[in-house]
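# Notes for the structure review
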Amino acid sequence: MAGSGVFAEIVDRDGVFKYYSDGMWKTSSSGKSVPIINPTTRKTYFKVQACTQEEVNKVMDTAKIAQKSWARTPLWKRAELLHKAAAVLKEHKAPIAECLVKEIAKPAKDAVTEVVRSGDLVSYCAEEGVRILGEGKFLVSDSFPGNERTKYCLTSKIPLGVVLAIPPFNYPVNLAVSKIAPALIAGNSLVLKPPTQGAVAALHMVHCFHLAGFPKGLISCVTGKGSEIGDFLTMHPGVNCISFTGGDTGIAISKKAGMIPLQMELGGKDACIILEDADLDLAAVNIVKGGFSYSGQRCTAVKVVLVMESVADALVEKVKAKVAKLTVGSPEDDCDITPVVTESSANFIEGLVMDAKQKGATFCQEYKREGNLIWPLLLDHVRPDMRIAWEEPFGPVLPVIRISSVEEGIHHCNASNFGLQGCIFTRDINKAILISDAMETGTVQINSAPARGPDHFPFQGLKDSGIGSQGITNSINMMTKIKSTVINLPTPSYTMG
Ligand SMILES: NC(=O)C1=CN([C@@H]2O[C@H](COP(=O)(O)OP(=O)(O)OC[C@H]3O[C@@H](n4cnc5c(N)ncnc54)[C@H](OP(=O)(O)O)[C@@H]3O)[C@@H](O)[C@H]2O)C=CC1
Ligand SMILES: O=C(O)[C@H](O)COP(=O)(O)O
């Protein structure tokens with residue numbers, strides 16, 4: 001049960017969940033709260049604090065102070081605390097998963113998986129951090145022309161300072177720890193601004209770090225609508241790095257942020273290219289899993305199928321048969337398709353569907369919606385003049401475009417403003433590599449649906465899909481900078497005896 005047991009201290013007497021600052025759970029002086037609407041019932045289920053700018057300033061001050069002593073904490077001790085946090089997270093997976101079910105309508109099983117995956121990510125990050133931060137580089141001057149060996153250069157990876165983490169609603173725990181753990185193992189302090197939908201799950205996750213015994217002020221969590229408190233956070237002079245996952249908001253942030261490192265993972269329009277020699281059964285399984293998991297609310301979801309005309313009828317029939325077996329209903333019942341996160345999201349999705357209808361797409365199922373719940377919909381014979389061919393529905397609606405050549409498929413994929421992932425189904429590995437090399441996306445999956453996991457794989461978006469690269473190792477490195485220390489010898493010294 002949310003806010004009970006060890007979590008009782010994170011909620012106030014009025015049932016409003018507190019924010020976390022200076023190692024304590026606090027009620028905001030704003031006297032205002034932000035409602036979290038259960039996507040299934042469309043009624044307020046939780047409330048969180050609407051933090052003030054003054055409270056953000058205080059958080060930044062304590063983060064800056066705490067980071068200085070944290071940077072003097074041995075790597076093995078940092079890792080030890082992260083392992084403890086991972087264990088606490090997993091121990092309390094049930095109440096945290098329940099929050100995900102109520103706040104973002106994540107199917108119960110997937111919700112538990114997200115929390116366990118997050119614990120595993122934190123532990124892997126602890127081990128990886130000890131390894132890669134425990135070594136640097138040693139260079140000698142005479143490797144460059146004209147130099148004797150009179151200089152030794154020692155390089156090490158040093159922390160950036162205060163890292164601001166802003167995760168999205170669809171993974172409010174996993175995409176939070178994917179920023180928190182690398183920041184901490186690298187010696188930074190961390191300020192978290194969770195998504196409104198998913199904030200209570202995130203607060204429970206933060207409490208697990210609190211219970212693990214991290215130093216006061218090192219980790220903070222401020223809540224409030226991104227549209228109200230977001231700019232103050234991302235433009236705050238106390239922030240030394242921003243790691244953001246979400247939509248076009250990230251593009252706006254990148255234009256406002258100062259001279260600081262940015263890690264952005266944004267939207268996607270992941271294309272699935274089906275060649276004539278593809279295993280259509282395998283492709284159909286992956287298209288349904290990739291296109292409809294968590295009701296399509298994943299940046300790595302399959303967002304458009306580009307299928308060779310000669311096999312299109314057969315593929316569409318296979319996909320239709322699998323779509324018909326998807327269960328539709330409440331996340332508590334572990335249905336495959338659950339309500340999308342907000343009414344505005346459902347309205348946006350409906351707009352794309354109506355546009356496709358008006359322009360003549362073939363509806364493989366009747367369009368059906370009840371509140372935020374939209375039944376899975378496959379649209380065939382989609383054409384490039386339809387919005388759904390290019391825009392990201394972030395919902396259970398999947399367009400199929402029939403192509404007459406592989407080049408046409410690659411062209412459509414590369415004409416998108418997005419460049420996150422893509423996938424190819426073919427039995428010819430040579431063709432797969434050629435197409436993969438031609439696709440302007442950060443990742444290409446061969447014979448499987450796009451996916452970010454496993455979480456140690458490098459994960460990056462090109463074009464409007466992001467800045468920099470995620471994945472545990474890349475995130476750790478991105479949250480450090482290099483420092484060189486040069487020892488100057490009075491005379492050349494060669495170590496060859
Ligand atoms: N690449 C990915 O993995 C994801 C992409 N998306 C894309 O984004 C779209 C919208 O999803 P959503 O989660 O609402 O994404 P948003 O980009 O709107 O929100 C992502 C995060 O940014 C916060 N935020 C909002 N405005 C600001 C601001 N001005 N400054 C700082 N932070 C801000 C949000 O807080 P708050 O919730 O309080 O607004 C949330 O924590 C989706 O339809 C999808 O296209 C969404 C999720 C994941
Ligand atoms: O932001 C997202 O939607 C996630 O990065 C997708 O992660 P997944 O591929 O593991 O679901």
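About the thresholds
Residues numbered from 1 in each chain as written. Chains lettered and ligands numbered in written order. Predicted model: local features only at pLDDT ≥ 70, side-chain atom pairs only at ≥ 80, totals over all residues. Heavy atoms only, no water. UniProt positions renumbered as here; feature names shortened; annotations may be inferred. 1 Å grid on protein atoms, 1.4 Å probe; cavity = no way out; pocket = protein on both sides within 12 Å on 5 of 7 lines; lining within 4 Å. Points joined across faces, edges and corners; volume = space filled by probe spheres on them. Helix = DSSP H or I, 4+ residues; strand = E, 2+ residues; numbered from the N terminus. Nonpolar A, V, L, I, M, F, W, Y, C, P; charged D, E, K, R; others polar. Expected span 1.5 Å × (residues − 1). Contact = heavy atoms within 4.5 Å. Near = heavy atom within 4 Å. Polar contact = N/O pair within 3.5 Å; in protein donor to acceptor, adjacent residues only side chain to side chain. Areas by Shrake-Rupley, 256 points an atom, 1.4 Å probe, with all protein chains shown as cover. pLDDT = per-residue confidence, 0-100. Pairing = 2+ DSSP bridges. Axes fitted to C-alpha atoms, helices over the stretch in contact; angles between N-to-C directions. Disulfide = S-S within 2.5 Å. Buried < 20%, exposed > 50% of the residue type's maximum accessible area, 1.4 Å probe, protein only. Core = buried A, V, L, I, M, F, W, Y, C linked by side-chain atoms within 4.5 Å.

- Under an unreviewed UniProt entry, the name given to the chain is NADP-dependent glyceraldehyde-3-phosphate dehydrogenase, and the organism recorded is Rubroshorea leprosula.
- For the record of the chain, the UniProt heading Subcellular location (unreviewed entry) holds the text "Cytoplasm".
- Under the heading Sequence similarities (unreviewed entry), UniProt records this for the chain: "Belongs to the aldehyde dehydrogenase family."

## Some words on empty space enclosed by the protein
- All chains considered together, the criterion is met by five cavities of 30 Å³ or more.
- Empty space within the largest cavity amounts to approximately 90 Å³.
- Surrounding the largest cavity, Leu-121, Ser-178, Pro-182, Arg-452, Pro-454, Asp-455, Phe-457, Phe-459, Gln-470, Gly-471, Ile-472 and Ser-475 form its lining.
- Counting residues per element, the ones that place at least two in the lining of the largest cavity are α5 (174-185) and α14 (472-478).
- Per-class residue counts for the lining of the largest cavity are six nonpolar, four polar and two charged.
- What lines the second largest cavity is Lys-269, Asp-270, Ala-271, Cys-413, Ser-416, Phe-418, Gly-419, Leu-420, Gln-421 and Thr-441.
- Listing elements by their share of the lining of the second largest cavity, those giving two or more residues are β13 (270-274) and β20 (418-419).
- Considering only residue class, the lining of the second largest cavity consists of four nonpolar, four polar and two charged.

## With respect to helix α10 (residues 309-323)
- End to end, α10 covers 21 Å across 15 residues, agreeing with the expected 21 Å (1.5 Å per residue, within 8%).
- Its buried side turned inward, α10 meets β13, α9 (280-292), β14 (302-308), β18 (377-380) and β19 (397-403).

## A word on the site of ligand 2
- In the vicinity of ligand 2, the residues found are Arg-117, Asn-170, Tyr-171, Leu-175, Glu-265, Arg-298, Cys-299, Thr-300, Ala-451, Arg-452, Gly-453 and Phe-459.
- Interatomic distance of 2.7 Å between a side-chain N/O atom of Arg-452 and an oxygen atom of ligand 2.
- Considered on its own, ligand 2 offers 320 Å² of accessible surface; in the complex 96% of this is hidden by protein.
- The class makeup of the residues in the shell around ligand 2 is five nonpolar, three polar and four charged.

## Quick look at the confidence of the model for the chain
- The predicted model of the chain has a mean per-residue pLDDT of 98, with 100% of residues at 70 or higher.
- Reported for the predicted complex are a pTM of 0.98 and an ipTM of 0.95.

## A look at the sheet that holds strand β5 (residues 43-49)
- The three strands lie next to each other as β1-β5-β4, forming an open sheet whose pairing is mixed. Two strands close off the open sheet at either side, each with one partner strand: β1 (16-17) and β4 (33-38).
- Where β4 lies against β5, six bridges are found, and the strand directions are antiparallel. Note on β5: the bridge partner recorded for Pro-35 is Lys-47.
- Helix α3 (residues 93-104) rests against β4 and β5 of the sheet, and its axis sits at about 115° to β5.
- Seen against the sheet, helix α6 (residues 199-212) touches β1, β4 and β5 and runs at an angle of roughly 45° to β5.

## Quick look at the state of the cysteines
- Inspection of the entire model under this criterion finds zero disulfides.
- Take Cys-272: it sits in no disulfide, and the sulfur closest to it among the cysteines is that of Cys-423, at 3.6 Å.
- With relative accessibility at 0%, the residue Cys-272 sits in the buried group.

## Some words on the nonpolar core
- Membership of the largest hydrophobic core comes to 72 residues, with the highest contact counts inside it found for Phe-17, Leu-82, Leu-184, Leu-192, Met-205, Phe-209 and Phe-214.
- If you tally residues by element for this core, the top one is α6, at ten residues.
- Contacts of Leu-192, omitting those with residues within four sequence positions, involve Ala-165, Pro-167, Ala-176, Ile-180, Ala-202, Met-205, Val-206, Ser-220, Cys-221 and Val-222.
- The next biggest cluster of nonpolar side chains, apart from the first, holds 57 residues, and it includes Val-302, Leu-315, Tyr-367 and Leu-378.

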